[in-house]
Amino acid sequence: MSAPSIETPRSLSRRNAQRSNFELYSWLFMRISGIVLVFLVLGHLFIMNFLDGGVQRINFAFVAGRWASPFWQVWDLTMLWLAMLHGTNGMRTIINDYAERDQTRFWLKMILYVSSAFIILLGTLVIFTFDPNLG
Amino acid sequence: MATTTPVGTLYRGGEGMWTWVLHRITGVGVFFFLFVHVLDTALVRVSPEAYDIVIATYKTPIVALLEVGLVGAVLFHALNGLRVIAVDFWSKGPRFQRQMTWGIAAVWLVVMIPGAYYMLMHSIEALFGSTP
Ligand code: HEM
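Conventions we followed
Residues numbered from 1 in each chain as written. Chains lettered and ligands numbered in written order. Predicted model: local features only at pLDDT ≥ 70, side-chain atom pairs only at ≥ 80, totals over all residues. Heavy atoms only, no water. Near = heavy atom within 4 Å. Polar contact = N/O pair within 3.5 Å; in protein donor to acceptor, adjacent residues only side chain to side chain. Helix = DSSP H or I, 4+ residues; strand = E, 2+ residues; numbered from the N terminus. Donors = N, O, S within 2.8 Å, 3.2 Å for Na, K, Ca; no water. Tetrahedral: all angles 85-135°; square planar, octahedral: opposite > 155°, others 65-115°. Buried < 20%, exposed > 50% of the residue type's maximum accessible area, 1.4 Å probe, protein only. Contact = heavy atoms within 4.5 Å. Buried area = accessible area lost by both parts, 1.4 Å probe. Salt bridge = Lys/Arg side-chain N within 4 Å of Asp/Glu carboxyl O. Core = buried A, V, L, I, M, F, W, Y, C linked by side-chain atoms within 4.5 Å. Axes fitted to C-alpha atoms, helices over the stretch in contact; angles between N-to-C directions. Parallel < 35°, antiparallel > 145°, perpendicular 65-115°, else oblique. Left-handed = near helix turned anticlockwise from the far one by under 90°. Nonpolar A, V, L, I, M, F, W, Y, C, P; charged D, E, K, R; others polar.

(A) Representation of the site of the ligand. Surveying the vicinity of the ligand reveals 19 residues, the closest of which are R31 and H86 of chain A together with H23, R24 and H77 of chain B. At the site occupied by the ligand, nearby residues are drawn from chains A and B. Separating a nitrogen atom of the ligand from a side-chain N or O atom of H23 of chain B is a distance of 3.2 Å. The separation between an oxygen atom of the ligand and a polar side-chain atom of R24 of chain B is 2.6 Å. If you list the elements that add at least two residues to the shell around the ligand, you get α2 (22-50) and α4 (70-98) of chain A together with α1 (15-42) and α3 (61-89) of chain B.

(B) Examining the coordination of the iron atom of the ligand more closely. With distances of 2.0 to 2.1 Å, the protein atoms coordinating the iron atom of the ligand are H86 of chain A (NE2) and H77 of chain B (NE2). What the 6 donor atoms of the iron atom of the ligand show is an angle range of 87 to 179 degrees at the metal, which sorts the shape as octahedral. Placement of the pair is H86 of chain A in helix α4 and H77 of chain B in helix α3, with the two residues belonging to separate chains. Take H86 of chain A and H77 of chain B: they sit in the same class, and that class is buried.

(C) Examining the side chain of H86 of chain A more closely. When its relative accessible area of 15% is taken as the criterion, H86 of chain A is described as buried. Excluding residues within four positions of it along the chain, H86 of chain A makes contact with F29, M30, S33, G34 and L37 of chain A together with H77 of chain B.

(D) Local environment of the environment of I120 of chain A. Residues and elements named next belong to chain A. Tracing the sequence through the fold places I120 in helix α5 (residues 102-129). For I120, a relative accessible area of 8% puts it in the buried group. Linking I120 and G34, residues 86 residues apart in sequence, is a C-alpha distance of 18 Å.

(E) Region of interest: the interface of chain A and chain B. With 47 residues of chain A in contact, the opposing surface of chain B contributes 42 residues. Counting each side, the surface lost to burial between chain A and chain B is near 3,700 Å², with a carbon and sulfur contribution of 75%. Of all residues in chain A, the largest losses of buried area upon contact with chain B belong to F50, Q56 and F60 of chain A, amounting jointly to 16% of the total for that side. Between chain A and chain B we count 2 salt bridges in total. Residues R31 of chain A and D88 of chain B are paired through a salt bridge, measuring 2.7 Å at the closest nitrogen-oxygen approach. Run the count over chain A and chain B and you get 9 residue pairs in polar contact (both at pLDDT 80 or more).

(F) Expanded view of the nonpolar core. Grouped together as the largest cluster of nonpolar side chains are 34 residues, with contacts concentrated most on V41 and M84 of chain A together with F31 and V68 of chain B. When residues of this core are traced back to their parent elements, those giving at least two are α2, α4 and α5 of chain A together with α1, α3 and α4 (93-128) of chain B. Not counting residues up to four positions away in its chain, the partners in contact with F31 of chain B are M84, G87, T88, M91, L112 and S116 of chain A. The next biggest cluster of nonpolar side chains, apart from the first, holds 17 residues, and it includes A64 and F130 of chain A together with Y51 and Y58 of chain B.

(G) Examining the packing of α1 of chain B against α3 of chain B more closely. All names here are of chain B. α3 packs onto α1 with a crossing angle of 130 degrees between their chain directions and a minimal axis gap of 9 Å. It follows that α1 is oblique to α3 by the angle criterion. In the crossing of α1 with α3, the sense of the turn from one axis to the other is left-handed. From α1, T19, L22, H23, T26, G27, V30 and F33 reach across to α3, where they touch L70, A73, V74, F76, H77, N80, G81 and R83. When grouped by side-chain class, the residues that make up the contact of α1 with α3 number 7 nonpolar, 7 polar and 1 charged.

(H) Region of interest: the pattern of salt bridges. All told, the structure shown has 6 salt bridges over all chains when counted by the stated rule. R92 of chain A is paired through a salt bridge with E23 of chain A; the nearest N and O atoms lie 2.9 Å apart. Highlighted residues: R92 of chain A in helix α4 and E23 of chain A in helix α2, separated in sequence by 69 residues. Judged by relative accessible area, which is 7%, R92 of chain A ranks as buried. Between R24 of chain B and D97 of chain A there is a salt bridge whose closest N-O contact spans 2.7 Å.

That's the geometry; what it means functionally is another story.
As structure tokens, then:
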């Protein structure tokens with residue numbers, strides 16, 4: 001079996017390919033969002049699982065108490081958007097790595113983008129339209 | 001001969017490969033959990049009862065165990081993510097990357113051993129009547 005051939009980086013087909021810095025920005029975004037998420041996500045997990053008895057104390061009234069404060073609304077909204085964009089971008093990388101057929105790659109990414117957009121919009125709507133007097 | 005099948009990976013074992021594998025697995029796992037978590041929290045828009053019923057399942061021993069797994073996965077991903085960032089941006093990062101790997105393993109254990117005990121305390125009491 002012969003060794004696999006790897007196209008030289010400066011070959012014509014590559015140079016003619018569309019130039020864009022998207023992958024650079026995406027690489028940078030993973031790192032910047034990662035640093036912010038350390039505080040938001042680890043803080044969130046600590047508060048929810050370790051403070052005042054952890055998950056045992058969580059119910060509707062607890063959520064109502066928290067989202068009465070704009071501070072926690074902004075915290076949760078920022079965390080939702082950053083984690084979803086970071087996670088979706090990470091999943092995009094993984095699909096690009098493993099899905100070999102163009103068709104498969106395209107459709108997997110379409111499913112990813114549509115479901116991620118749905119979750120981001122749903123979460124945003126819930127934070128903004130929360131009604132403590134419901135029910 | 002045309003090679004259309006994957007011809008192997010650049011990684012040949014070692015801590016660097018395993019932290020990468022774990023980073024990928026924990027990233028995917030946490031991402032899927034986040035989907036479910038936004039959906040369960042969205043129940044606060046349905047009714048207080050619906051939300052409380054679903055949250056009650058989070059307080060059962062089996063789900064408590066899964067929560068420990070989630071916290072462990074997020075903590076590893078966060079610590080290793082910071083290591084990756086340090087390797088990329090800190091001039092001495094590549095030189096110390098192996099020490100940093102053992103550092104995050106130590107931090108992970110120091111947080112997770114008491115953390116797991118604390119998170120499972122309520123379940124242990126419910127199952128056995130008391131905690132050791
Ligand atoms: C808590 C703080 C976090 C930090 C510091 C962090 C850091 C990182 C970094 C630096 C990368 C890029 C790795 C690379 O380019 O080689 C990455 C990838 C990734 N992250 Fe995170 N992350 C965090 C939270 C999250 C969360 C909450 C999710 C899920 C929603 C997530 C899902 C992913 C996924 C799926 C990847 C792609 C993995 C891969 O390509 O192998 N991360 N993370």
